[in-house]
Each structure stands twice: as structure tokens, then as C-alpha cells.
Number of protein chains: 2
Amino acid sequence: MDNTELIKSLSRVTPSKIVFLVIDGLGGLPHPETGKTELETANTPNFDKLAAGSICGLADPVGPGITPGSAPGHLAIFGYDPIETIVGRGVLAAFGTGFDLKPDDVAARGNFCSVDESGLVTDRRAGRISSDKSTELCRLLDGQTIDSVEIFVRPVKDHRFLVVFRGQGLSPDVNSSDPQQTGVVPLEIKPENPGAGKLAALANKFTEFAGKTLAGHHPANMVLLRGFSKWEPLPTLNDIYKLTPAAIASYPMYRGLAKLIGMDIVETGTGVDDVFKSLSDNYTKYDFFFLHIKKLDSAGEDGNFEGKVAAIEEVDGLLPKLTGLQPDVIVVTGDHSTPAVLEAHSWHPVPVLISSRWCRTDSVSEFSESAFVSGGLGRLPSTRIMPLAMANALKLIKYGA
Amino acid sequence: MDNTELIKSLSRVTPSKIVFLVIDGLGGLPHPETGKTELETANTPNFDKLAAGSICGLADPVGPGITPGSAPGHLAIFGYDPIETIVGRGVLAAFGTGFDLKPDDVAARGNFCSVDESGLVTDRRAGRISSDKSTELCRLLDGQTIDSVEIFVRPVKDHRFLVVFRGQGLSPDVNSSDPQQTGVVPLEIKPENPGAGKLAALANKFTEFAGKTLAGHHPANMVLLRGFSKWEPLPTLNDIYKLTPAAIASYPMYRGLAKLIGMDIVETGTGVDDVFKSLSDNYTKYDFFFLHIKKLDSAGEDGNFEGKVAAIEEVDGLLPKLTGLQPDVIVVTGDHSTPAVLEAHSWHPVPVLISSRWCRTDSVSEFSESAFVSGGLGRLPSTRIMPLAMANALKLIKYGA
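No experiment lies behind these values; they were computed from the predicted model shown. (Residues numbered from 1 in each chain as written. Chains lettered and ligands numbered in written order. Predicted model: local features only at pLDDT ≥ 70, side-chain atom pairs only at ≥ 80, totals over all residues. Heavy atoms only, no water.)

Colleague: I'd like a description of the relation of the copies chain B and chain A, backed by residues and values.
Modeller: With an RMSD of 0.2 Å, chain B superimposes on chain A once it is rotated by 123° and translated 0.0 Å along the axis. On this basis, the relationship between the two copies can be described by a three-fold rotation axis. (Least-squares fit on C-alpha atoms with pLDDT ≥ 70 in both.)

Here it is in C-alpha cells:
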């Protein structure tokens, strides 16, 4: 019996409520001039107070040294083994754009690219065309039916798009058409097993159609497809934890991930304050809430140290709207660190705090990476956060006689 | 090679002695009025002194968030994977009552219950009859032979009893007869695989016999059986660690568990002081001692904060009787936490200290949950305690060239 089976066998429904405040890219690194991280620089009286009444620690979403993408980072927080649980790039794009993927669909991630008159790839990303341009081109490609298979095309972001093949007997086991270099033609898509011949033929026909349709649209005059994948349903949070969960996230990708594991998607606005307002508006309807805050990660990826500091201060100012609801358990953590000085996701462990009546408070009273080193949770895999949250909500029965 | 195989390959016999002082329910939570846990409230000069010369930490018996029963909690302390190592409820009852279970026996846990004139269950626990009454009724049921299979019946506690079926070709893969609700008849016991037909038939015949025999004994006028299990011998502490181990425990269940993993059971009294006296009396005969102290757990389960404080102070007062023997390694830990404020076992990690000449002392000098957070052992699975104890006793050779 693995750990998930164990948790599943111990979970029970109770009226207690759990709120996960997931601050994307939460952890950071010191500014070279001040020696202080974004969290250490920010003035966060509300987080400090919450930390003082919590048990704190540092969590590794995937493992020490591993820099998580957003999907494994979030899967880990919700207790899914981020190494065992592979979500294909196509499926992720589908859920990320809110596309209603069916179990028999095959999804792929596409790039618009540039080819010369001989068909050789000259730019694998078509000069990173804008999302607006991409949206316009996707309309040209969308809605085809080839060999009785419907094909859907949706923009993702910049030169990226989603293709979904809907029909019977489609296997996703085919290679990518992206040659990973310029000066060569796109690769022919071939089946990697006998059952995938149908999809390979379709994907090649779609590529040919795209080439003809986009002929006059240089730099975006061809497509490259990769990450062919089917949606293999995951056990939901209700299956494992018997929770009735809601996701409050303004970005499509996180709503998609939440939907993938069975959360209800609550409508919200684009502001940080909207997330807290939506929590309050829907508080009676669910017993588990996933609140996603994107702003720190965006600033971190832009290398905007001050912007990340300002973002955490903004969240701190809104925190009383969450604590005021007095949930039985509050968890604050992130899906990965995004230090502004690295301008990227990083492998550094992420601060995590658990606040509950039963948390066994430690001596930490400052919301920062360095303070959390001496927290009572110590250093733990992010996959352990859910069992701890469930335990603190008194939603797990005793194991064994 | 899993960890147990590795440890087994490295273990050696030496004259050094290891004493495990297992304080059941050791960890706690703060009292709401004082903000201090039971251990923080208690005056424990001897434990504080021992901690000062030890390496300390916090251990998870099963995993973060998982509240252990006594069986998995103890199995973990002795290095057995508490998730892989399942001890059936029937077997546990058998070992717990000191019944001499044989490898071919099938054991089950029984409940006396109440049924009405139509045979519908009205109380699954027969009004929780006393152990004395239960003992009297068990005598009525004990000693039958059905289809050449001997049937033993022994009281456990209150309405609970043990049934053992002794014969050839008995498989325990049958369902429980407990319907888990009132107003219905007990379930028929059915085989879950073809080989279990014989036992299922026997168990139904025994139930029928019990119903007739107990007819005039309302509220205990029927039985429900569950947890049918065979004793699947575990590797003993001698098999894995080459130890000659003794258990000193006043409660039958812990003696049973110790016997299950090959410990000699040393006779002792019911007082905390008896445990220490028995250690002293038997100190030359063994190289490993498991001392079990029940009193803290009992007080914790009763919600008796002051009682738990008094119990730890009592143990503290007796500690010099252990340290005075100067064992090479002393381990102090528990099988789980039992905070008085929760009145139950809990998921909180359990303090653990290892005292030896070679332990690499840390800065901890107070015997408490919060002080142990910053101990040199950090936070570790309880299954890692045995290898550390063995290493500190210089009983593990080097691994690899």
C-alpha cells in the first residue's frame, strides 16, 4: 500500500475547513546589495503574526536540487507524487486553456514556426509572434475534420497553441515534428507503436493543411507539433481526501491543473484582492480552498526584485480577509521558488506554514526563508503538506490497531 | 536490497548494551492556559540532563500527518516498515492476551453483541459489558471442537474477546460478520477465495453455537467476529540485528507485540518502578531491552494534563536507575504522541533522544517537543532509530569497500 492508498483509507468528511494560499514563486534569494531576500525585505506584519502562531518549515516540491515546473510543483502540494504523475504537455495546454478535453482526445502543443521556400525551418518560434496574432491564425486552422476526426486549434500564449484530435482509436504514441534545429525540414510524424498509425497520418495531414493555409503569413507560415498526449484521469481530491474542493485562480493554467484533480473552479477577477473576495463569497460552499497568487512569480521571472517585494506586501495587506474567516487550517506555501536574481524558477525549498489550533507552534515569528529553517516542520517533501493539513483539520482517523 | 536487508548484512554481536525506554504517548500539545506542553510543564531534571548529553530530534512513526495505532507505532521504533508490516487484529488480540498462537491457527477478534428475538443486532457492543462478565461468557464458549478443528475463546477487554481456530487447511480470507450497523442480522461469513471455504463454514457454525449458548445472557446474547488473520512470522530482532532482546512491559498488548518480533518477555509488576527494577534484575542476561511505560498515554487519553505531567515526573525520578547501569546506548522515545488536549493518539512527531559515548551531542538541554526541534537528529522517520542505536552501540560494520 503506497502512501496515497494509506491516506485514502484514513480520510473522513468533517465540517472543518482548509485553505491553501499558494503563492507562486514564493521563495527567493538575497539581493546582492542588501543581503536580504524578497521576503526578508518586505514588510509583512500579517504573515509574521500568522507564522508566529503556526508551525513552519521548508518544502521541496520535487526533491533537493530539482527546479519544478508549475505542474509538478502544484501536483506535489496537493499530495500527488510529482515524478510518478506525468501530465503530458498537450494535456496541460488543454487544461490550461480551459479546453474541455475528453478521455479519447489526443492533445498536442503546437508552435507556429517559419520556413523558407524550400520548406527548411528558419525560426522554430516564428519570431515569437504575439498572442493576438496567434489567436487570429488559430482561427484559420480550427474546425477541420480529417478522416472523420475533428480537429480543434486554440491559442495558448505567443507562438504557442493547442491542437486536439477528437475521434475513435487515436493513440498519442507518435514522435514530435519539431526538429529542434533550423535549416532542416520539420520531422515526419511516425507511430511509435502499430496502434498509433492513424494519429500519425492525421497529424501529418494537419501539418500539410497548416502549411498551405499559412503560406502567406510569414513569419508564422508552418507549425511544429509535440507533446502528443491523452488525458489519463487522476484520482481527485475527493477520491483521496473526501474533500469538496474549490480553486480560486485567475490564470488559466492553474484553473486547468485544479480541474484536472477534481476541484470546482470558482470565478474570480484578475486582481490579488479578487482572490480573497471570491474566497469570502464562496466560503460556505466548500471545505477545501486552493487560492493561487501569480504576482510574485511574474515579478521574479522578470528579475523585478522590488516588484516581488511589493507583491508580497500586497498579499500581506489582504491576509486578514483570509484569517478573519477563521478556517480550521491555513496553509501558506508556493509551488517553487522564483528568485528575482535568477529571473527563473529555482530548486530552493519553499517556505511552508501550517496554522491550526493543533499545529504545535514553533519559535518562528518571521515570514522568511532563513527564519523557517528552524521551524518545527523542518525540511519536508511538499507531498507531505496535504496529510499534515488533513491531520490538523482532524480529517484523518488513526492508522492501525 | 531494502534497508532491512542492508542493516542485517552489517549487524554484528558485541557485548554492548542498548536500552529503549519507550514512553507511550510521549509527545503532547500546549495547555491552552499556559502555552506549555506536558513535557514543558513537568519538572524533569534527569531527562534534561540526559538530553544535554544526547543527540535529540523528532520522529514520525508512520509519516507526517498519520496518527499511529500502538502496533504500527511500536513496529516503526523497532525498524519495521509500519505500512508494509500489517499485523491483523486477530493476531494482535492473540499476542496481546498472551495466547500461544501457532503458525496454522486463524485468530479473530470477537465482540459480544445484543440481538432481538428476530436476530437483528440492537447493540454491537452488548452495552460494553465488563471484562469480568466477558471472562465468564468466554468460558461458556471455549473448548469446542467443530469438524475436527479446536476452538479457543479468551477474554480481551470489556466486550472484546479472542477466538482461535486450530486445525489444518484454514485460510483467514473471509469477511467480517459485523454489519457495522444495528437493525440488521449479523453478516454471513463467506470465503473471499476458494481456499477459505472451510474456515468460513466453521466460523458460521461457531457463531450459531454462540447464539444458542448465550441465548439467556442478554445483553451479550450473540457474537460478531472480525479481523480474521494468521500469524505471518516477522523477522525477529535477532534475525535482523543479531540482538538478544528482552521486553519489560506490564500491559499484555505490548508484551504481545514484543513476542511477535522475537523478544523474551521478562516478568514485571504493574508499577512504573517495577519496570526499572526488572531491568536491573535482568541486566546481565540480554544486550537489548525494551522498557514500556504506559502511564503517560493513559493520562493523555483521559484528557488528564496534570496526570500526564505527574507521570513523566515519576519516570524522571526513576531514570537514574536506568542511567546508573550505564548502558552503552540509551534511546528515549514514544510510539506516538498523546496530547491531553486531544484526549487521543495524534500525528505530532515524537521526541527521540539517543545517548551514547559516540552520539555527537547537540545543543539541546531540555526534554521537550520545542527544544527537540533544533536537535541534531532533526526530523526523522521512527524506522531510522534502530540503525542509529545499533551504530551508537558499534554493532554495525562499515558498508562497502
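Colleague: Can you tell me about the sheet that holds strand 10 (residues 264–265) of chain A, naming the residues and giving the values?
Modeller: The strand order across the open sheet formed by eight strands is 10-9-11-1-12-13-2-14 (chain A), and the pairing between neighbours is mixed. Unpaired on one side and paired on the other, strand 10 and strand 14 (378–381) of chain A mark the two borders of the sheet. (Pairing = 2+ DSSP bridges. Helix = DSSP H or I, 4+ residues; strand = E, 2+ residues; numbered from the N terminus.)

Colleague: So, the packing of helix 5 (residues 89–96) of chain A against helix 9 (residues 252–260) of chain A: which residues are in play, and what are the values?
Modeller: All names here are of chain A. The N-to-C vectors of helix 5 and helix 9 enclose an angle of 110°; their axes lie 7 Å apart at closest approach. By the angle between their axes, helix 5 is roughly perpendicular relative to helix 9. Across the interface between the two elements, Val 91, Leu 92, Phe 95 and Gly 96 of helix 5 pack against Pro 252, Met 253, Gly 256, Leu 257, Lys 259 and Leu 260 of helix 9. Its residues assigned to classes, the contact of helix 5 with helix 9 comprises seven nonpolar, two polar and one charged. (Axes fitted to C-alpha atoms, helices over the stretch in contact; angles between N-to-C directions. Parallel < 35°, antiparallel > 145°, perpendicular 65-115°, else oblique. Contact = heavy atoms within 4.5 Å. Nonpolar A, V, L, I, M, F, W, Y, C, P; charged D, E, K, R; others polar.)

Colleague: How would you explain a nonpolar patch on the surface if you had to name every residue and give the values?
Modeller: Residues and elements named next belong to chain A. Where nonpolar side chains cluster on the molecular surface, the patch consists of Val 341, Leu 342 and Trp 347 and spans about 260 Å² of accessible area. In this structure, Trp 347 sits in the loop between strand 12 (329–333) and strand 13 (350–356). For Trp 347, a relative accessible area of 40% puts it in the partly exposed group. (Patch = residues over 30% accessible without salt bridge, like charges linked within 9 Å, V, L, I, M, F, W, Y side chains within 5 Å. Areas by Shrake-Rupley, 256 points an atom, 1.4 Å probe, with all protein chains shown as cover. Salt bridge = Lys/Arg side-chain N within 4 Å of Asp/Glu carboxyl O. Buried < 20%, exposed > 50% of the residue type's maximum accessible area, 1.4 Å probe, protein only.)

Colleague: Can you break down empty space enclosed by the protein residue by residue, with the values?
Modeller: Residue and element names in this part refer to chain A. Considering all chains together, one arrives at two cavities of 30 Å³ or more under this definition. Along the walls of the largest cavity sit His 74, Leu 75, Phe 78, Tyr 254, Leu 257, Ala 258, Ile 261 and Phe 290, which together make up its complete lining. No other element matches helix 9, which puts three residues into the lining of the largest cavity. Grouping the amino acids of the lining of the largest cavity by side-chain chemistry returns seven nonpolar, one polar and no charged. Put simply, the second largest cavity is a space of about 30 Å³. (1 Å grid on protein atoms, 1.4 Å probe; cavity = no way out; pocket = protein on both sides within 12 Å on 5 of 7 lines; lining within 4 Å. Points joined across faces, edges and corners; volume = space filled by probe spheres on them.)

Read these as layout, nothing more, since geometry by itself doesn't imply function.
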